[in-house]
Amino acid sequence: MNFKKQMAIVEGLFFVNGDEGTSIEDIKLILEINDEKKIVEVINALIEKYQKDDSCGLEIQNFAKTKYRMITKKENVEFYTKLSNIKTETKLSTASIETLSIIAYKGPITRAAVENIRGVNCDAIFYKLKTRNLITNVGKSDEVGKPSLYKVTDSFLKYFNLKSLDDLPKIEDESKNEKDIFGR
Amino acid sequence: MSNLKERWNQVELENFTGPLDLLLQMIKDKQVSILEINLLELSNQYLEYIKKIADKDIELASEYLVMAAYFLELKSKFLIPKEEVLVDGDYEEDQRKELLNRLLEYHKIKEVTEFFKEQQIESLKGLSKAKSIIKITRIDDEKLPLAPNNINLDKFSKIFLRAIEKSKFRTVETNILTTTEVSPEEIANEIKKHLIKHSIDKIKLEDLIEQKDFSLRMLVATFMAVLDLASKKLINIFQEGDDIIVENISKGE
């Protein structure tokens, strides 16, 4: 099978899998190729093709390191939102984002530890985030009562368009922060 | 000060994600170091807001109340004459440090939420479609590790509901709590014996539940026992019209 044919099949696979995303493992299975490097080449060629072609309305989003998703080009979103049947995802509240960022930076973490940082009960927010599959239970802590530990999921990375948690901005060191809050 | 107070009165608490958020904003607006904060004044401000929102959202208010109480505790500790707390001389400093640390920790998180908000807005611009359904994977009945399902689950649950309804009328003492422990194993044994003793080949599940003491109190255990017996191939469960039939297939061991 030549390279172009492989591109075409992967392109179709991205379309078929849609929102759920396609992993390199999926492509290995479909193309019956075990060489990850070759697969990445095919994907990158596709990404480049989409980028270069101004008459193409789609792009490939890479998230969670080895997962890819076909989406409409972001610059065109205003046109699509004219459609009344577009079900836009409800944006997360500030409180949810705060909770998520704590879990992203400090996970695996217990709910009590998150609550301690935020100074608020996070019961309902945890429930919502679990329902949206943005966080997941990854076992029990050794603390008294064996509370559950949580971390963020691949859906979290997809939602915030991140390749991995390494993409998160670094939290500044404390001494600088201290000045920032209290030195004004 | 009066200016600040005026400003604070316009602040809606809904704009804050929690008491620490509000505290952080207060400190920023006052442009003072946390080490110079008048805790009593801060507590008073807090209480004012709490009064304002208590009618609207008591749960929200309670979070802030906890924080206000924390300030008051801190303040009262600071008011204790130094000589008397010599044994615990560092306590005051420790408390301040703890609050400071909590605030710093929280502030760090606050600083990055902007990043997430921006990423969210950007990310929501790319629309994608749901995964296409190509084929529904069908596994041959023979390959299933389970017995073929010949029971309509809706009907199955309805039968249980009906049994519960019936037992409600039969039992007078529904408000008496008994704490007899029942185990599905025991009940499974009893069901087995019952079927053998009365040489029952087939019986409606509904009727079985109503036999003896297999009812209400032990409904869950009975339910599990029936499933357990079925999995051990001692009984067979199948559907006949609107009824679920339990068939005794044990060889009378």
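Residues numbered from 1 in each chain as written. Chains lettered and ligands numbered in written order. Predicted model: local features only at pLDDT ≥ 70, side-chain atom pairs only at ≥ 80, totals over all residues. Heavy atoms only, no water.

- The name an unreviewed UniProt entry gives chain A is Chromosome condensation and segregation factor B, with Spiroplasma tabanidicola as the organism.

Comments concerning the overall build of chain B
Phase 1: The secondary structure content of chain B amounts to nine helices and three strands.
Phase 2: Counting over 253 residues, chain B shows a buried share of 37%.
Phase 3: Of the contacts made within chain B by residues no fewer than 6 positions apart, 66% connect residues no fewer than 24 positions apart.
Phase 4: Accessible surface, chain B: about 16000 Å² in total, of which carbon and sulfur atoms supply 54%. (Helix = DSSP H or I, 4+ residues; strand = E, 2+ residues; numbered from the N terminus. Buried < 20%, exposed > 50% of the residue type's maximum accessible area, 1.4 Å probe, protein only. Contact = heavy atoms within 4.5 Å. Areas by Shrake-Rupley, 256 points an atom, 1.4 Å probe, with all protein chains shown as cover.)

Some thoughts on the pattern of salt bridges
Residue and element names in this part refer to chain A.
Phase 1: According to the stated counting rule, one finds 17 salt bridges over all chains in the structure shown.
Phase 2: One salt bridge in this structure joins Glu48 and Lys52, with 2.9 Å as the shortest N-O distance. Of this pair, Glu48 and Lys52 both sit in helix H3 (residues 36-52), four residues apart, which is roughly one turn of that helix.
Phase 3: Several salt bridges share partner residues, and in doing so they unite Asp19, Arg69 and Lys158 into one network. (Salt bridge = Lys/Arg side-chain N within 4 Å of Asp/Glu carboxyl O.)

Some words on the nonpolar core
Phase 1: The biggest cluster of nonpolar side chains holds 39 residues, and the ones touching the most others in it are A:Leu92, A:Leu100, A:Ile103, A:Ile135, A:Phe156, A:Phe160 and B:Phe116.
Phase 2: Of all the secondary structure elements, the ones that give two or more residues to this core are helix H5 (94-106), helix H6 (111-118), helix H7 (123-131), strand E6 (148-152) and helix H8 (154-159) of chain A together with helix H2 (19-30), helix H4 (58-79) and helix H5 (91-123) of chain B.
Phase 3: The element contributing the most residues to this core is H5(B), with seven residues.
Phase 4: The contact partners of B:Phe116, leaving out residues within four places of it in the chain, are A:Ile97, A:Ser101, A:Ala104, A:Tyr105, A:Phe156, A:Phe160 and A:Leu168.
Phase 5: Membership of the second largest hydrophobic core comes to 21 residues, among which are B:Ile159, B:Ile187, B:Leu195 and B:Leu234. (Core = buried A, V, L, I, M, F, W, Y, C linked by side-chain atoms within 4.5 Å.)

Observations concerning the interface of chain B and chain A
Phase 1: The partner chain A presents 50 residues to the 43 residues of chain B that form the contact.
Phase 2: Where chain B abuts chain A, roughly 4300 Å² becomes buried across the two surfaces, and 65% of that area is made up of carbon and sulfur atoms.
Phase 3: When the buried area of chain B at its contact with chain A is split by residue, B:Phe116, B:Gln120 and B:Leu127 rank highest and sum to 16% of it.
Phase 4: For the pair chain B and chain A, the number of links is three salt bridges.
Phase 5: The salt bridge partner of A:Lys106 is B:Glu105, with a shortest N-O separation of 2.6 Å.
Phase 6: Applying the counting rule to chain B against chain A returns 17 residue pairs in polar contact (both at pLDDT 80 or more).
Phase 7: Those elements giving two or more residues to the side of chain B that touches chain A turn out to be H2 and H5 of chain B.
Phase 8: Counting residues per element, the side of chain B that touches chain A draws most heavily on H5(B), at 20 residues.
Phase 9: Considering only residue class, the side of chain B that touches chain A consists of 18 nonpolar, twelve polar and 13 charged. (Buried area = accessible area lost by both parts, 1.4 Å probe. Polar contact = N/O pair within 3.5 Å; in protein donor to acceptor, adjacent residues only side chain to side chain. Nonpolar A, V, L, I, M, F, W, Y, C, P; charged D, E, K, R; others polar.)

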